[in-house]
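# A closer look at the structure
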Amino acid sequence: NTVQIGNGDTLSVTGNGNTIGATGTGDFVSLSGAGETVNMANGALSLSDGSAASLTGSTNTVTLGTNDSLSVTGLNETITATGASDQFSLTGSATVSMSNGGLFLADQSAVALTGNANSVMLGNGDVLSVTGGSNTITATGAGNQISLSDYGSANLIGSSNQVQIGNDDLLS
């Protein structure tokens, strides 16, 4: 199914393989299912537990449940994972709050991550700022910039990357 919505609309979709085009601003889309595609800017997206979707657009607020899968292409996204085992990829920039999840950054992406026990994969030329502990950062490419806040901890795998650490950090 393909659904188009305008300004300030609210849409709840249950099912698989739907395409949602939110052409206005201030839209709220709630999804439950797999294979969902959302094109939206300046809106809000919520995924119920176990859902899978892709989002294209900028300046969106995204809330994930538990065990969700999301692919995001856009700038200035705000993503909050409220449960565990969420996995998502990002092409663009975002502020992310997540624990016990996985994040893959495409080349030239930027993320400010707050949370613990996450697995983060970096490509080339990514910028990652981490607040939290027990995160594993794998930098498979080069030219990445990684910073840890005070009292953070991370396991870094990779080479030719710039790392900045705060006070009382543990980096291995």
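As shown above, the structure is provided for reference.
As the structure is a computational prediction, the values presented were derived from the model and not from experiment. (Residues numbered from 1 in each chain as written. Predicted model: local features only at pLDDT ≥ 70, side-chain atom pairs only at ≥ 80, totals over all residues. Heavy atoms only, no water.)

If you look at soluble globular proteins, the nonpolar side chains tend to sit buried side by side. Within the largest apolar cluster, 37 residues are counted, with the highest numbers of intra-cluster contacts made by L31, L45, L70 and I137. Excluding anything up to four places from it in sequence, L70 contacts L45, L47, A53, S54, L55, V62, L64, Q87, F88 and S89. (Core = buried A, V, L, I, M, F, W, Y, C linked by side-chain atoms within 4.5 Å. Buried < 20%, exposed > 50% of the residue type's maximum accessible area, 1.4 Å probe, protein only. Contact = heavy atoms within 4.5 Å.)

Position of N135 relative to the elements: it lies in strand β15 (residues 135–139). Residue classification places N135 among the buried residues on the basis of a relative accessible area of 1%. From its side chain, N135 meets the backbone nitrogen of A117 in a polar contact 3.4 Å long. When sequence neighbours within four positions are dropped, the list of residues in contact with N135 reads G115, N116, A117, N118, V130, S153, A154 and N155. (Helix = DSSP H or I, 4+ residues; strand = E, 2+ residues; numbered from the N terminus. Polar contact = N/O pair within 3.5 Å; in protein donor to acceptor, adjacent residues only side chain to side chain.)

Before going further, it helps to spend a moment on the environment of A110. On the secondary structure map, A110 appears in strand β12 (residues 110–114). The exposure class of A110 is partly exposed, given its relative accessible area of 28%.

Looking at chain direction, strand β1 (residues 2–5) and strand β3 (residues 19–22) are connected through four bridges and run parallel. Directly across from Q4, in β3, lies its bridge partner G21. Taken together, the four bridges between β3 and strand β5 (residues 36–40) define a ladder with parallel strand orientation. Directly across from T19, in β5, lies its bridge partner T37. (Pairing = 2+ DSSP bridges.)

The phi dihedral of N76 falls on the positive side, at around 60 degrees, and the residue is not glycine. The exposure class of N76 is exposed, given its relative accessible area of 52%. The residue S85 is not glycine, and still its phi comes out positive at about 65 degrees.

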